[in-house]
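Below, each chain spelled out in residue letters.
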Amino acid sequence: MQRIRLRYTKRGRLRFTSHRDFQRAFERALRRAEVPMAYSAGFTPHPKVSYANAAPTGTGSEAEYLEIALTEARDPETLRALLDESLPAGLDITDAVEARTSGLADRLTASVWELRLDGVTAKDAEKAVEAFLAAETVEVQRKTKNGIRSFDARSAVAELQARSAADRPLDNACAILRLVVRHVTPAVRPDDVLSGLRAVADLAPPVPAAVTRLAQGLFDEESGTVTDPLAPDRETVTAAAPAAAATVSATAPGTGSA
């Protein structure tokens, strides 16, 4: 059985698709592309697809991940292209690698988000960010199926910066927030950070923020960066290639000693 890990996007209007909507679209793409999927056992077999830390409905993403299991070996790049052609524009398969390591979900420990705040000046956003980062805790509330839940949104935030949108005229305010948040329990989402900014600095954008996940992966505490979670698989494949070539050379006819 071969395992392939894929990176995909949610862009444009398709940011409003739910995770279940994407699952249905992806399974149709698997059938269209004639991917030799492995299936689960039982009365209702389903394709072996593992999804990892999907973005909330309504947020865009450049870095969603999943893993599929195949019954026949396929070239990852060829498979990526076939699946990308079988999905609607906006749900794009941007990377594929053969899984050579374990624990993809364990390497998704942080996310980088971009929050676009129309109607908010960069100066007001910077003041709110300063107040948020200066606070030891920022208590926010979220409605759940079990009622209202309160938790601290500050401790999960590793980085928060504000700047002005470069693509807007000076008379049309739009602030951009860059947020790096650790994946903790309970999960702290971009809208929780916005609630925290409202609580500490009364920052309230006149229209809903446009939120996009730019990256997710392993958080490096020393550098403060989020690393590519597929890199270990890529490195293993690259390291295995010279070893395989050396083995073929050593066993080829005429390579032995006289």
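This report concerns the structure included in the present document. (Residues numbered from 1 in each chain as written. Predicted model: local features only at pLDDT ≥ 70, side-chain atom pairs only at ≥ 80, totals over all residues. Heavy atoms only, no water.)

**Description of the side chain of R142**
- When you line up the elements, R142 lands in strand β6 (residues 139-144).
- A polar contact of 2.6 Å, which involves the side chain of R142, links it to the backbone oxygen of A187.
- Setting aside anything within four residues of it in sequence, one finds R142 in contact with G147, I148, R149, F151, A187, V188, R189 and D192. (Helix = DSSP H or I, 4+ residues; strand = E, 2+ residues; numbered from the N terminus. Polar contact = N/O pair within 3.5 Å; in protein donor to acceptor, adjacent residues only side chain to side chain. Contact = heavy atoms within 4.5 Å.)

**Looking at the nonpolar core**
- Counting 27 residues, the largest nonpolar core has L115, L117, L160, L177, L179, V193 and L197 as the members making the most contacts within it.
- Secondary structure elements with two or more residues in this core: β5 (110-118), α3 (122-134), β8 (157-164), β9 (174-182) and α4 (190-201).
- Residues in contact with L177, not counting those within four places in the same chain, are W113, E114, L115, L117, A125, V129, L160, Q161, A162, L194 and L197.
- Grouped together as the second largest cluster of nonpolar side chains are 22 residues, A25, L66, L70 and A96 included. (Core = buried A, V, L, I, M, F, W, Y, C linked by side-chain atoms within 4.5 Å. Buried < 20%, exposed > 50% of the residue type's maximum accessible area, 1.4 Å probe, protein only.)

**A few points about the environment of T212**
- Looking at the element boundaries, T212 is found in strand β10 (residues 210-220).
- Along the primary structure T212 and E114 are separated by 98 residues, whereas in three dimensions their C-alpha atoms are 5.3 Å apart.
- Those residues in contact with T212, other than ones at most four positions away along the chain, are R15, G60, S61, E62, V112, W113 and E114.
- Within the structure, the side chain of T212 is placed 3.5 Å from the side chain of R15, a separation counted as a polar contact.

**Digging into helix α1 (residues 19-32)**
- Here α1 is 14 residues long and its end C-alpha atoms lie 20 Å apart, about the 20 Å a rise of 1.5 Å per residue gives.
- If you check which residues of α1 are buried, you get F22, A25, F26, A29 and L30. Around the axis of α1, the buried residues are gathered within 145° of arc, so they sit on the same side. For α1, exposure combined with an orientation more than 90 degrees from the buried face picks out R20 and R31.
- Contact partners of the buried residues in α1: β1 (2-10), β2 (49-52), β3 (60-70), α2 (76-86) and β4 (93-98).
- Directly beyond the C-terminal end of α1, a positive phi value near 55° is found at E34. (Expected span 1.5 Å × (residues − 1). Arc of directions from axis to C-beta.)

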